[in-house]
Amino acid sequence: MELIDGKKISAEIKEEIAIEVSKLKADGGKTPHLAAILVGHDGGSETYVAHKVKACEQVGFNSTLVRFEDDVTQEELLAKVEELNNNDDIDGFIVQLPIPAHINEQKVIEAISPEKDVDGFHPANVGRMVIGLPAFISATPAGIVDLLERYNIEISGKNVVVVGRSNIVGRPMSVLLSQKGRDATVTVCHSRTKDLEAVVSKADIIIAAIGVPEFVTAKMVKEGAIVIDVGTTRVKSDLTKSGWKLKGDVKFDEVSPKCSYITPVPGGVGPMTIVSLLKNTLLAAKKSVY
Ligand code: GUN
């Protein structure tokens, strides 16, 4: 069993981005600039956004954090989105999700200009990805593709089972891996899948993105399978300084001995997600997608 080290690969990619940014600046180009809108004080969102801001510093990007309280109105939030759409210094921006229930999340996503939608959540980017046009691709699936490629893991002709069909991970993951050039045979499982264990246990590659801690157990995993764990459920812990720890969707202790490769949580997919956001921001700054 080999551990897929997302921390190491993400550090390598950040180094590559930093070198490219230095060259851009040396050539008189613009410093890439990412903005993030954070609504409220959800612990998980605070942590993710802090990591994104820090990652920008590490690669030489500018970053701007825009904060609103939980009681922000939809109109106020949409006005800020419009302002960022029209601010030429901002190359790309994200609205950290989830946002409070009184705001229509889809309306906010669709208000972001597709040219600045570095999360790849806007239907224009999702649609372009599906038909193979240049697009901003959702960060987690893009990061998983990078991990598989950097470990030279063969995808072509493999049976991939994606567990979970979210708009952010499962659905785009299934599209990317079945695209021409990657050529996997992809099955998407979800809450209505009949005999999920029988389906998952045939997979050469399992992408666990269901958001249920330790959902994938050893009996669902074929000997020699590759297991990618997207789960990041925060659970209380006395053992960490923050009082929280992340739990993956895979029962790591019993599954890992059966795998040829597996991602740990933390340190697997998570760090790659942030790197993908940086890559998208660099593409936006270079106007390489649109
Ligand atoms: N919440 C959890 N993951 C993400 C993400 O990738 N982007 C945004 N904007 N919010 C999130």
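Residues numbered from 1 in each chain as written. Predicted model: local features only at pLDDT ≥ 70, side-chain atom pairs only at ≥ 80, totals over all residues. Heavy atoms only, no water.

1. Some points on a negative patch on the surface
Together, D42, E69, D70, D71, E75 and E76 make up a region of like negative charge exposed at the surface. Relative to the elements of secondary structure, D42 occurs in the loop between β2 (33-39) and α2 (43-59). Residue classification places D42 among the partly exposed positions, given a relative accessible area of 43%. (Patch = residues over 30% accessible without salt bridge, like charges linked within 9 Å, V, L, I, M, F, W, Y side chains within 5 Å. Areas by Shrake-Rupley, 256 points an atom, 1.4 Å probe, with all protein chains shown as cover. Salt bridge = Lys/Arg side-chain N within 4 Å of Asp/Glu carboxyl O. Lys, Arg positive; Asp, Glu negative; His and termini not counted. Charge placed at Lys NZ, Arg CZ, Asp CG, Glu CD. Helix = DSSP H or I, 4+ residues; strand = E, 2+ residues; numbered from the N terminus. Buried < 20%, exposed > 50% of the residue type's maximum accessible area, 1.4 Å probe, protein only.)

2. A word on the nonpolar core
Inside soluble globular proteins, nonpolar side chains tend to come together where they are buried. Membership of the largest hydrophobic core comes to 49 residues, with the highest contact counts inside it found for I17, F61, I144, L148, L177, I207 and I228. Examining the composition of this core, we find that eight residues originate from one element, helix α10 (residues 269-285), more than from any other. The residues touching F61, leaving out its near neighbours within four places in the chain, are I17, V21, T31, P32, C56, L278, T281 and L282. Judged by nonpolar contacts, the second largest core, of 17 residues, contains V163, I206, V221 and C259. (Core = buried A, V, L, I, M, F, W, Y, C linked by side-chain atoms within 4.5 Å. Contact = heavy atoms within 4.5 Å.)

3. As for the packing of aromatic side chains
Considering all chains together, one arrives at two aromatic pairs under this definition. With 6.2 Å between their ring centres and 40 degrees between their planes, F136 and Y290 make a pair best called tilted. Note that F136 is positioned in the loop between α5 (123-130) and α6 (139-150) and Y290 in the segment after α10, a separation of 154 residues in sequence. When its relative accessible area of 35% is taken as the criterion, Y290 is described as partly exposed. Centre to centre, the rings of Y151 and Y261 are 6.1 Å apart; their planes meet at 75 degrees, and the pair counts as edge-to-face. Here Y151 is found in the loop between α6 and β5 (159-163), whereas its partner Y261 is found in strand β11 (residues 261-262), with 110 residues between them in sequence. Lying over the aromatic face of W244, R234 brings its terminal NZ or CZ to 4.4 Å of the ring centre. (Phe/Tyr/Trp six-rings, centres within 6.5 Å; stacked < 30°, edge-to-face > 60°. Lys NZ or Arg CZ within 6 Å of the ring centre and 35° of its normal.)

4. Considerations on empty space enclosed by the protein
Summed over the entire model, instances satisfying the criterion amount to one cavity of 30 Å³ or more. Approximately 50 Å³ is the volume found for the largest cavity. In this structure, the largest cavity is lined by F93, I94, V95, I109, I112, D117, D119 and F121. Class assignment of the residues belonging to the lining of the largest cavity gives a composition of six nonpolar, no polar and two charged. (1 Å grid on protein atoms, 1.4 Å probe; cavity = no way out; pocket = protein on both sides within 12 Å on 5 of 7 lines; lining within 4 Å. Points joined across faces, edges and corners; volume = space filled by probe spheres on them. Nonpolar A, V, L, I, M, F, W, Y, C, P; charged D, E, K, R; others polar.)

5. Section: the site of the ligand
Surrounding the ligand, one finds K52, V95, Q96, L97, D119 and F121. Here a nitrogen atom of the ligand sits 2.8 Å away from a polar atom, N or O, in the main chain of V95. Note that a nitrogen atom of the ligand is positioned 3.3 Å from one of the side-chain N or O atoms of Q96. Looking at side-chain class alone, the shell around the ligand contains three nonpolar, one polar and two charged residues. (Near = heavy atom within 4 Å. Polar contact = N/O pair within 3.5 Å; in protein donor to acceptor, adjacent residues only side chain to side chain.)

6. Re the packing of α6 against α10
Two elements in contact, α6 and α10, have axes separated by 7 Å at closest approach and are oriented at 105 degrees. Judged on the interaxial angle alone, α10 and α6 are roughly perpendicular. Every residue of α10 that contacts α6 at A139, T140, A142, G143, I144, D146 and L147 is listed here: V269, M272, T273, S276, L277 and K279. (Axes fitted to C-alpha atoms, helices over the stretch in contact; angles between N-to-C directions. Parallel < 35°, antiparallel > 145°, perpendicular 65-115°, else oblique.)

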